[in-house]
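# A closer look at the structure
Letter by letter, the chains look like this.
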Amino acid sequence: MSRLLILLIAVGIATTVVGCGDDNPKKQDEIKSITAPGFERTEITNEHSKNGEIYTHGDEGYYLLAENGAATEFYTEHKEHGGTYWACAAATSMESSALVRGENKITVDPSDVVKAVYDEDKSEGICPEKINIWDYGGKGWPVVEALSNGFGKYYLSAAINCEGLSKDTVKELIKTCGAMTMGINSVHNGRWFYDGYLTQYDRDNEDDHMVAVVGWDDHFPKEYFKETPSGDGAWITQDSSIDGDYVYISYDTQITNAYIFELSEGYQSIQSYEGGCRESIRTDGGTALANIFHKKGMLSAVGTYILGEGRSIDISIYDEKTGKLLHEQKASFDEPGYYTIPLEKKVEADGFRIEIEYSGAAPVEGEESFDGYLRYKASSEKNQSFIRISDSWYDMADPQTKEKLGIGFTPNNACIKAVLE
C-alpha cells in the first residue's frame, strides 16, 4: 500500500551560500564568512577545524535522494512574496515521492499549494481573513486537509505524519516514500557556517519555517554545530530561503510539522462533506462512522484520516437505496496520517453508504474556530454523516447526538471521502 506526510511562517531574504562538499577548501589563513537570513554575519577560521581536516562523508550511514534517482528542482521563494517557503518544501516532497516510487515525473507549482490551502471561495475548511496569503506562511495539516479534497489532476494518495517516529523509521520512509518536510526556526539562532557546511541545531525548536529533508549523514561531526549536540549525525535538508542549498540539521533538533506527501493520478471525482479534520471521537468497542453520498458512479477508493495509535480500519460499502452490501475490506497502516485506500473490487451504484470502523479514534470535522487571521469553517446537514452508538446509528447533525456521545464540541461531518472514477 502506498504511503506518504508542515509548516510555518518564514522570513528573510534569499542568499547564496557555500554548499556541502566544497572541493576547493580555503587556504589555511583565509577567513570564512556567510551572510544569511535571520542571523548575524559569522566569521569562522580554520582553527575550528576538527583535526585540521575538512569533513567528507563516507558511504556508510549516508543517504541523499538526489544521488538515488530522486533529484528534484527545489523551489525557492517566489521573489515577490515572503511566505511561500512552506509550500516549496511541500512541493519538493510531492515531486520526490513520485520519483522514489518509479512513477512519471510530476511538477507541482508551490503557488498552487498556497492557493489550494487559502482558497477564498471555500465554504468549509481554512478561510483567510485580512491576510496576504503570499506572506502569511503555512503549516502542514492544512495542506493535508486541502489536498485531500482534490488537487487539480492529482489526488492525495497519502500524507504520512512523521512526528514522534523513530529516527530509523523516518530514514526508511524518506528512502521509500520521498522527502519529508520539517519545521525549523527562521531566526536561525542555531545556524552556523563551518568548513563549507551550513549547519543548524536548535535545542528548543520553536519552528516557524519549513525545509525539506532529503537525506542524512550519521557521522556528520557534532563539532560542526554552533552549539554542540549530544552526538554526531544530521538530517540533510534543502532550504528555499537560501536558494535550496543544503543545511545539515542535528539529529538532536526536534522533528516537528513533518509530513511526506504522495500525489497520484487516475481518479475523476472526490466526494466529501468536510473541509478538514480537527477533532476525533472514540466510543466503546471500536468507533464506527458512516457517510452517505447521493451520487451515481463507480467507487474506486475511500479516503480517511488515521489518527494516533489506531492503525487499522474495516470498510463496508452499501448501496444507498437498497441497503445491499456491495463490498467489505480491511486496511492497516504503519504510521498516522491521511490515506486514500484503493478498493480491491470497484463497485457501481446510484449512491453509496460508506461505513468505517476504526480501531482507535475516529476523525471528524469539528466545529468552527477563528484565530484572528484564519477562520476554520465547518457545518453539516442531516442525512450526511452518522456515528454508531451501542449498535444504533445516529445522525451527527442532530444536536442530541452530541449529548449521547458526552462530548464538549459539535462533531459536524465524518472525515470519509468517496473517490470515484
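Placed above this text is the structure.
Here's a quick rundown of the structure. Just so it is clear, the model here is predicted, and its values are computed rather than measured. (Residues numbered from 1 in each chain as written. Predicted model: local features only at pLDDT ≥ 70, side-chain atom pairs only at ≥ 80, totals over all residues. Heavy atoms only, no water.)

### Description of the overall build of the protein chain
What counts here: In this description a helix means any DSSP run of H or I spanning at least four residues, a strand means any run of E spanning at least two, and both kinds are numbered starting from the N terminus. Partly exposed describes any residue whose relative accessible area lies between the buried limit of under 20% and the exposed limit of over 50%, with all areas from a 1.4 Å probe on protein chains only and scaled to the type maximum.
Helix and strand counts for the protein chain stand at five helices and 26 strands. Looking at the protein chain as a whole, 56% of its 421 residues qualify as buried.

### A few points about the packing of aromatic side chains
Selection criterion: Classification of ring pairs uses Phe, Tyr and Trp, with its six-membered ring standing for Trp, and accepts pairs whose centres are within 6.5 Å; under 30 degrees between planes counts as stacked, over 60 as edge-to-face, and the remaining range as tilted.
This structure, assessed with the given rule, holds 22 aromatic pairs. Ring geometry for tryptophan 141 against tyrosine 305: centres 5.3 Å apart, planes inclined by 45 degrees, an arrangement best described as tilted. Taken as a pair, tryptophan 141 in helix α3 (residues 140-147) and tyrosine 305 in strand β16 (residues 297-306) lie far apart in primary sequence, 164 residues in all. Take tryptophan 141 and tyrosine 305: they sit in the same class, and that class is buried. Feature note: the residues Tyr55, Tyr194, Tyr197, Phe220, Tyr224, Phe225 and Tyr248 constitute an aromatic cluster, connected by ring pairs.

### Examining the packing of helix α1 (residues 85-100) against helix α2 (residues 110-117)
To keep it simple, the criterion reads: Only C-alpha atoms enter the line fits that serve as axes; for helices the fit covers just the stretch in contact. Angles between N-to-C directions range over 0 to 180 degrees. Angle categories: roughly parallel below 35 degrees, roughly antiparallel above 145, roughly perpendicular from 65 to 115, and oblique for all the rest. Handedness of a helix crossing follows the sense of rotation of the near helix relative to the far helix, less than a right angle counterclockwise being left-handed and clockwise being right-handed. Note on contacts: a residue pair qualifies if any of its non-hydrogen atoms lie within 4.5 Å across the two residues. Three residue categories are used. Nonpolar comprises Ala, Val, Leu, Ile, Met, Phe, Trp, Tyr, Cys and Pro, charged comprises Asp, Glu, Lys and Arg, and polar comprises the others, including Gly.
Packing of α1 against α2 brings their axes to within 8 Å, and their N-to-C directions diverge by 110 degrees. Classified by the angle their axes make, α1 and α2 are roughly perpendicular. Crossing of α1 against α2: the hand is right-handed. On the side of α1, the interface is formed by Trp86, Ala87, Cys88, Ala91 and Met94, while α2 contributes Pro110, Val113, Val114 and Val117. In the contact of α1 with α2, the residues fall into nine nonpolar, no polar and no charged.

### Topic: the environment of glutamate 262
To be explicit about the condition: In the analysis that follows, any N or O atom pair within 3.5 Å is treated as a polar contact, provided that within protein one partner can donate a hydrogen and the other can accept it, and provided that, for residues neighboring in sequence, both atoms belong to side chains.
Its place among the elements puts glutamate 262 in strand β12 (residues 259-264). A C-alpha to C-alpha distance of 9.4 Å links glutamate 262 and tyrosine 339, two positions 77 residues apart in sequence. Within polar-contact distance, the side chain of glutamate 262 engages the side chain of serine 157 at 2.7 Å.

### A few points about the side chain of serine 250
Of note, serine 250 is situated in strand β11 (residues 245-250). Taking the relative accessible area as the measure of exposure, serine 250 reaches 0% and is therefore buried. Residue contacts for serine 250: discarding those within four places in its chain leaves Gln200, Tyr201, Phe225, Pro229, Gly233, Ala234 and Trp235.

### Remarks on unusual backbone geometry
We note that asparagine 257 has phi near 45 degrees; this positive angle belongs to a residue other than glycine. Of note, asparagine 257 is situated in the loop between β11 and β12. Since its relative accessible area comes to 15%, asparagine 257 is described here as buried. Phi is positive for serine 390, which is not a glycine, with a value near 50 degrees. As for its position among the elements, serine 390 is in the loop between β24 (385-389) and β25 (392-395).

### Some words on the sheet that holds strand β17 (residues 312-319)
We count it as follows: Criterion used throughout: strands pair if DSSP finds at least two bridges between them.
Spatially, the six strands line up as an open sheet ordered β18-β17-β20-β15-β24-β25, and their pairing is antiparallel. Two strands in the sheet have a free side with no partner beyond their single neighbour: β18 (325-332) and β25. Recorded for the sheet is a direction-independent mean angle of 20 degrees between the axes of neighbouring strands. Where β17 meets strand β20 (residues 352-358), seven bridges bridge the pair, whose relative direction is antiparallel. Looking at the pairing, tyrosine 318 lines up with arginine 353 of β20.

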